Amino acid sequence: MPELLLELFSEEIPARMQGKAADDLRRMVTDKLVAEGLVYEGAKAFATPRRLALTVHGIPARQPDLKTERRGPKVGAPEAAVQGFLKATGLKSLEEAKIQRDPKGDFYIGLIEKPGRDANDVLAEILPVIIRTFPWPKSMRWGARSGKPGSLNWVRPLHAITATFGLETEEPDVVKFEVDGIESGQTTYGHRFLAPAPVQVRRFEDYEAKLLAAKVVLDPERRKDAILTDAKQLAFAQGFELVEDQNLLDEVAGLVEWPVVLMGSFEPEFLKTPDEVIRATIRNNQKCFVVRDPKTGKLASKFILVANIEATDGGATIIAGNERVIRARLSDAKFFYETDLRTKLEDRLPKFEQIVFHEKLGTQAERIKRIERLAAEIAPLVGADVGTATRAAHLSKADLLTEVVGEFPEVQGLMGKYYALAQGEDASVAAACEEHYKPQGPADRVPTDPVSVAVALADKIDTLVGFWAIDEKPTGSKDPYALRRAALGVIRLIAENALRLSLMKMAGSALAGLSVEPADTSKLPSDLLAFFADRLKVQLREQGARHDLVDAVFALGGQDDLLMIVRRVEALGKFLDSDDGKNLLAGTKRASNILAIEEKKDKRSFDGAPDAALYSLAEEKALAKAIGEVKAEASAAVAKEDFAAAMSAMAKLRPPVDAFFDKVRVNDDDPKVRENRLKLLNEIRSATRAVADFSKIQD
């Protein structure tokens, strides 16, 4: 079947935009093809700094013919209605229409036949529209045509469009169209410096091979593999190992079409600066990789750069230029670091009194005091020394005012640790300066040092409660203050450190420290608890647990001990995987459904203990006895926090529940017996609530 090749050749596309642009091109073209009835077999998009390319194979050569029936006016309708019908359907006269009988009368039916068009014609129609409406985050206009209405907007000046379509066994046709004076053809261009001459291409296989010959590696994944392999080999040959950086690799692969890996060096005296500062300096300013000495694990005075050209001097000039810039940048970083060391962290804190954290939540200084107070309250609960935790909270944000963090915000916290150690602070205080920001994502490490845990919890809970109090909650996909991340951080800190903490108490303490008065103080902790429940569902779902089990546990009310909630959910999940659990769930839901119907019918609930004197069947008596025993046993197990034992107790309900529904008619003719049996069903529901609200569990 025919294949489409499309290339949009331009000036350099920013590396950060290339991946999404390739995905957008594939999505927009294939969506349009399907909408036009041209169902394809496969599609793949590519991006280099100067081009977006797409190949779509298995496209039919022609659209399918369409036949549709259109209902017209009644037989005998006014002439105007008849003429309108004939015009809309393209019929010459009513003799070409069918008559369809209907209970409301006889109607004319017109058969409209729309022959399919050649796929080439369809492509020539849809591709210009896609190019003109392409969703670049930022775009520009250029040249003499830029002042005209409707001129093309593109990320960078667009120079050429390649578009061919045809069978693999035949010479493809050019999909002819024009966009803003640029006519489609089959001419592209190779590497800007190494092979700038025009290249004539036919189809994708030919296109990719000719570009490679013209020093352009089309596939970004292939460029990444080449860069990573060559960088590792070059480092190994010098006795070093590459410090891998996936984000940097992605960016660098978007900066070159023909990657050439080279190694440069800098003066060893710069290694007195922390490794992370050196790495940030080289990465941010020159997009270069660093290497380490495998014997010491410390950085070496070497770096790896990726050029976009095979230089005649073997890259010596390129290396020298990068060394010159990196030397100057490292000199600045060394100066910043040494300058920072001359000022103690606590001496920087008064400046926070002039820095507003949030207009409704006060200054950074006020926020630090709140974190100190909350960390002191949390410290005994997590096994941390109160004085150490308070000191750590006091210094935790001080490095934000240092020169190094001002230049490289990504090393905040880490530099706090280095400066705290340099001024002789306790190791736990220094560690907390770095770790109180953690975990910042699902893959981030969770602190285990009690002081770090106390400060990290205080920091995140103060953030959550503060923004909840001023009604700045996340909405939809918007979360400008990263509150979802903060809540997940609290959950991971508690769960992975096996901490027994009350969220409501911590939220209440944080709320008491706020200077702002929330609109509804009584509602805030419960609203925040519901938010934690939603985040916990996300966390457990990623671990393979069912979100409805979280709902079932939270529905009991008063559940704010996250560790116990997690353990209860785990035990409930295991129980429901068993036959006893599945059958008891079915029986409980059956009881709940019957009760719901009868309560709606009678407009009342069936609370209260059943009357044992009204039991007439052995199955009623057996169920009542089992409920009493299970309630006591399950409640005792839950009180001991032995949720596995509570589930085992619940399993004993399965046989009497099954027997009850098998032998007993709930809606007995005797109103008193009926009411008593409905109360017994309510007892089933009540008994299971010792461990969870089974009505929230999905079948």
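The present account deals with the structure reproduced in this document. (Residues numbered from 1 in each chain as written. Predicted model: local features only at pLDDT ≥ 70, side-chain atom pairs only at ≥ 80, totals over all residues. Heavy atoms only, no water.)

**Considerations on the packing of helix α11 (residues 386-395) against helix α15 (residues 450-469)**
- Axis separation between α11 and α15 bottoms out at 9 Å; the angle between their running directions is 55°. In terms of axis orientation, α11 runs oblique to α15. Crossing handedness for the pair α11 and α15: right-handed. For the pair α11 and α15, contact is made by Thr388, Ala389, Ala392 and Ala393 and by Val451, Ala454 and Val455, respectively.
- Of the residues that constitute the contact of α11 with α15, the class distribution is six nonpolar, one polar and no charged. (Axes fitted to C-alpha atoms, helices over the stretch in contact; angles between N-to-C directions. Helix = DSSP H or I, 4+ residues; strand = E, 2+ residues; numbered from the N terminus. Parallel < 35°, antiparallel > 145°, perpendicular 65-115°, else oblique. Left-handed = near helix turned anticlockwise from the far one by under 90°. Contact = heavy atoms within 4.5 Å. Nonpolar A, V, L, I, M, F, W, Y, C, P; charged D, E, K, R; others polar.)

**Details of unusual backbone geometry**
- Along the chain, Lys438 connects to Pro439 via a cis peptide bond; the corresponding omega equals -10°.
- If you trace the backbone, Pro439 turns up in the loop between α14 (427-435) and α15.
- With phi around 60°, Asp471 is a residue other than glycine that occupies positive phi space.
- On the secondary structure map, Asp471 appears in the loop between α15 and α16 (483-496).
- Accessibility expressed as a relative area gives 57% for Asp471, which makes it exposed.
- The phi dihedral of Lys603 falls on the positive side, at around 55°, and the residue is not glycine.
- As for its placement among the helices and strands, Lys603 is situated in the loop between α21 (579-602) and α22 (618-639). (Buried < 20%, exposed > 50% of the residue type's maximum accessible area, 1.4 Å probe, protein only.)

**What about the pattern of salt bridges?**
- Counted by the stated rule, this structure contains 58 salt bridges.
- Of the charged contacts in the structure, one is a salt bridge between Lys44 and Asp219, with a shortest N-O distance of 3.9 Å. Taken together, the residues span a long stretch of sequence, with Lys44 in strand β2 (residues 42-48) and Asp219 in the loop between α4 (204-213) and α5 (220-237) at a distance of 175 residues.
- Take Lys44: its relative accessible area is 45%, and that puts it in the partly exposed class.
- A relative accessible area of 16% means that Asp219 is categorised as buried.
- A salt bridge links Lys438 to Asp444; its shortest N-O distance comes to 3.3 Å.
- Ionic contacts of the salt-bridge type, sharing partners, join the residues Arg367, Arg370, Lys397, Asp459 and Asp462 into one network. (Salt bridge = Lys/Arg side-chain N within 4 Å of Asp/Glu carboxyl O.)

**Observations concerning the environment of Ala35**
- Mapped onto the elements of the fold, Ala35 is located in helix α1 (residues 15-35).
- We classify Ala35 as exposed; its relative accessible area is 65%.
- Distance from Ala35 to Leu271, taken between C-alpha atoms, is 60 Å for residues 236 residues apart in sequence.

**What about the environment of Ala280?**
- Assignment of secondary structure puts Ala280 in helix α7 (residues 275-286).
- The spatial distance from the C-alpha of Ala280 to the C-alpha of Val411 is 8.2 Å, given a sequence separation of 131 residues.
- Apart from residues no more than four positions distant in its own chain, Ala280 is found in contact with Asn285, Phe408 and Glu410.

**A word on the sheet that holds strand β4 (residues 66-74)**
- Reading across the sheet, the three strands line up as β4-β6-β5 and stay open at both edges, with antiparallel pairing between neighbours. With one partner strand each, in any of the chains shown, β4 and β5 (98-102) form the two edges of the open sheet. With direction set aside, neighbouring strand axes in the sheet form an average angle of 35°.
- Alignment of β5 against strand β6 (residues 105-114), held across five bridges, turns out to be antiparallel. Opposite Lys98, over in β6, you have Ile109 as the bridge partner.
- On top of the sheet, helix α2 (residues 79-89) reaches β4 and β6; it is set at about 175° to β4, its chief contact. (Pairing = 2+ DSSP bridges.)

**Section: the sheet that holds strand β14 (residues 260-265)**
- Read across the sheet, four strands follow the order β13-β15-β16-β14 without closing on themselves; strand pairing throughout is antiparallel. The two strands at the open ends of the sheet, each matched to only one other strand, are β13 (241-242) and β14.
- Sheet topology places β13 next to strand β15 (residues 289-292); two bridges connect them, and they run antiparallel. Residue pairing in the sheet places Glu241 in a bridge with Arg292 of β15.
- Running over the sheet, α5 touches β13, β14, β15 and β16 (299-307) and is turned about 35° from β14.
- Relative to β16, α7 is tilted by about 15°, and along the sheet it contacts β15 and β16.

**Thoughts on the nonpolar core**
- Among the nonpolar cores identified, the biggest contains 122 residues, and Leu457, Ile494, Leu572, Leu653 and Leu681 are the most heavily contacted of them.
- Sort the elements by how many residues they give to this core and α15 lands first, with 13 residues.
- The contacts of Leu681, once residues within four sequence positions are left out, are Ala591, Ile594, Leu595, Phe660, Phe661 and Val666.
- Within the second largest apolar cluster, 38 residues are counted, among which are Leu38, Val56, Leu123 and Val179. (Core = buried A, V, L, I, M, F, W, Y, C linked by side-chain atoms within 4.5 Å.)

**Considerations on the side chain of Arg348**
- Take Arg348: it is sitting in helix α9 (residues 345-348).
- Here the side chain of Arg348 touches Asp340 through a polar contact of 3.1 Å, landing on its backbone oxygen.
- Other than its neighbours up to four places away in sequence, Arg348 contacts Thr339, Asp340, Thr343, Ala398, Leu401 and Thr402. (Polar contact = N/O pair within 3.5 Å; in protein donor to acceptor, adjacent residues only side chain to side chain.)

**What to know about the packing of aromatic side chains**
- Counted by the stated rule, this structure contains twelve aromatic pairs.
- Relative to Phe336, the ring of Phe335 has its centre 6.2 Å away and its plane inclined at 55°; by these criteria the two rings are tilted.
- Seen in terms of ring centroids, Tyr337 and Tyr419 are 5.9 Å apart; in terms of plane orientation they differ by 25°. Their pairing is stacked. Residue Tyr337 is located in helix α8 (residues 316-341), and its partner Tyr419 is located in helix α13 (residues 414-422); the two are separated by 82 residues in the primary sequence. A single burial state applies to Tyr337 and to Tyr419, both of which are buried.
- Grouped by ring-pair contacts, the aromatic residues Phe46, Phe204 and Tyr207 constitute a single cluster.
- Just above the ring of Phe357 sits the side chain of Arg367; from NZ or CZ to the centre is 4.7 Å. (Phe/Tyr/Trp six-rings, centres within 6.5 Å; stacked < 30°, edge-to-face > 60°. Lys NZ or Arg CZ within 6 Å of the ring centre and 35° of its normal.)

**Digging into α21**
- For α21, with 24 residues, the first-to-last C-alpha span of 34 Å sits near the 34 Å given by 1.5 Å per residue.
- Buried residues of α21: Gly581, Leu584, Leu585, Gly587, Thr588, Lys589, Ala591, Ser592, Ile594, Leu595, Glu598 and Glu599, and no others.
- Downstream of α21 by a residue or two, Lys603 has a phi angle that is positive, lying close to 55°. (Expected span 1.5 Å × (residues − 1).)

**With respect to helix α19 (residues 547-554)**
- Of all the eight residues making up α19, six are buried; the element is thus mostly covered by neighbouring parts of the structure.
- Of the positions making up α19, those classed as buried are Asp548, Leu549, Val550, Ala552, Val553 and Phe554.

**Some details on the pairing of strand β1 (residues 3-10)**
- Of all eight residues that make up β1, eight are buried, and the element is covered over most of its length.
- Both faces of β1 are covered, namely the face carrying Glu3, Leu5, Glu7 and Phe9 and the face carrying Leu4, Leu6, Leu8 and Ser10.
- Looking at chain direction, β1 and strand β7 (residues 158-166) are connected through eight bridges and run antiparallel. The partner of Leu8 across the bridge, within β7, is Ile161.
- Alignment of β1 against strand β3 (residues 51-57), held across seven bridges, turns out to be antiparallel. Within the sheet, the bridge partner assigned to Phe9 lies in β3 and is Arg51.

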